[in-house]
Structures are given as C-alpha cells and as structure tokens.
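Here's the letter readout for the chains.
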Amino acid sequence: HVQLVESGGGSVQAGGSLRLSCAASGYTGSSKCMGWFRQAPGKEREGVARIYTDGGSTYYADSVKGRFTISQDYVKKTVYLQMSSLKPEDTATYYCAARTGYPGSWYLPRVYNYWGQGTQVTVS
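Residues numbered from 1 in each chain as written. Predicted model: local features only at pLDDT ≥ 70, side-chain atom pairs only at ≥ 80, totals over all residues. Heavy atoms only, no water.

### Observations regarding the environment of isoleucine 51
- As for its placement among the helices and strands, isoleucine 51 is situated in strand β5 (residues 46-52).
- A C-alpha to C-alpha distance of 9.9 Å links isoleucine 51 and tyrosine 80, two positions 29 residues apart in sequence.
- The residues touching isoleucine 51, leaving out its near neighbours within four places in the chain, are Lys32, Cys33, Met34, Gly56, Ser57, Thr58, Ile70, Ser71, Gln72 and Val79. (Helix = DSSP H or I, 4+ residues; strand = E, 2+ residues; numbered from the N terminus. Contact = heavy atoms within 4.5 Å.)

What follows is the structure, encoded as structure tokens:
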C-alpha cells in the first residue's frame, strides 16, 4: 500500500511560480509511474505530467509543456511539480497519483492505484 501527501499549493499572481511536492510512503518500490493531475470545479480531472520512477522518463500535457517540470528525489521519496509562468486557467486542485507498473495511457485517472488528497493552486 502507498500513501501520498501533496503540499506546496497556494495563491499566486499570473506569471508567478509554485513548486508542489508529493511525499510517498509505504511500499513505494512498487510504484513505477507517478503522475500529477488537476481538477477545477465542474471539470474532469486531467493529467498534467508523469514520471517513471525507474529511469526518470517524463511526459507533459500540451497545456503545460514548457512551463511545468516534474522531477523526483529518490532519497526523500518525493515527486515535485515545478510550475512557472502560471496562468489563471491553471487554477485547480492538484493531485498526486501512483501506479504499480507502466500504464498504457498515463493521463487517464482510472489507471492509477493510489491518490493523495490534493492541494489547491489559485492563479489570479
């Protein structure tokens, strides 16, 4: 079982930056893919970025490509999402997710096994 806790959310003006953290605990060795998702009120949860824990391969949604960076710290068992050049449309609750094994479609919420409780990001 894996537990995920997000932190680092807050309010920022357009053009600003934030760094989100996802601290993992439990049997984290089984998690091969870590993803960041976001969900605005009344909207579907959408994939933002993912990273493969073995090798560090990354991928991004077109909407955040060039602005967001996903990374990991093996020692701290933490995944980060560095967000720059933030826009009002980035406003959402951001969730960290983990999957055992490699998903065929990383951006689909249903393929993930574990989820954090989310952290709010507001861009004005």
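### Some details on the packing of aromatic side chains
- Summed over the entire model, instances satisfying the criterion amount to seven aromatic pairs.
- Ring plane angle 75° and centroid distance 4.7 Å describe the contact between tyrosine 52 and tyrosine 102, whose orientation is recorded as edge-to-face. One end of the pair, tyrosine 52, is in strand β5; the other, tyrosine 102, is in the loop between β9 (92-100) and β10 (114-115), with 50 residues separating them in the sequence.
- Classification of tyrosine 52 as buried rests on a relative accessible area of 17%.
- Each ring, one from tyrosine 95 and one from tryptophan 115, has its centre 6.5 Å from the other, and the planes form 80°; the classification is edge-to-face. Here tyrosine 95, found in strand β9, pairs with tryptophan 115, found in strand β10; they are 20 residues apart in sequence, far enough to count as distant.
- Relative accessible area serves as the criterion here: at 14%, tyrosine 95 is assigned to the buried category.
- The class for tryptophan 115 is partly exposed, based on a relative accessible area of 26%.
- Among the aromatic residues, those joined into a ring-pair cluster are Phe37, Tyr95, Tyr112 and Trp115.
- Residue placement shows arginine 45 over the ring face of tyrosine 95; its charged tip is 3.8 Å from the ring centre.
- Above the ring of tyrosine 52, the side-chain terminus of arginine 50 is found at 3.8 Å from the ring centroid. (Phe/Tyr/Trp six-rings, centres within 6.5 Å; stacked < 30°, edge-to-face > 60°. Buried < 20%, exposed > 50% of the residue type's maximum accessible area, 1.4 Å probe, protein only. Lys NZ or Arg CZ within 6 Å of the ring centre and 35° of its normal.)

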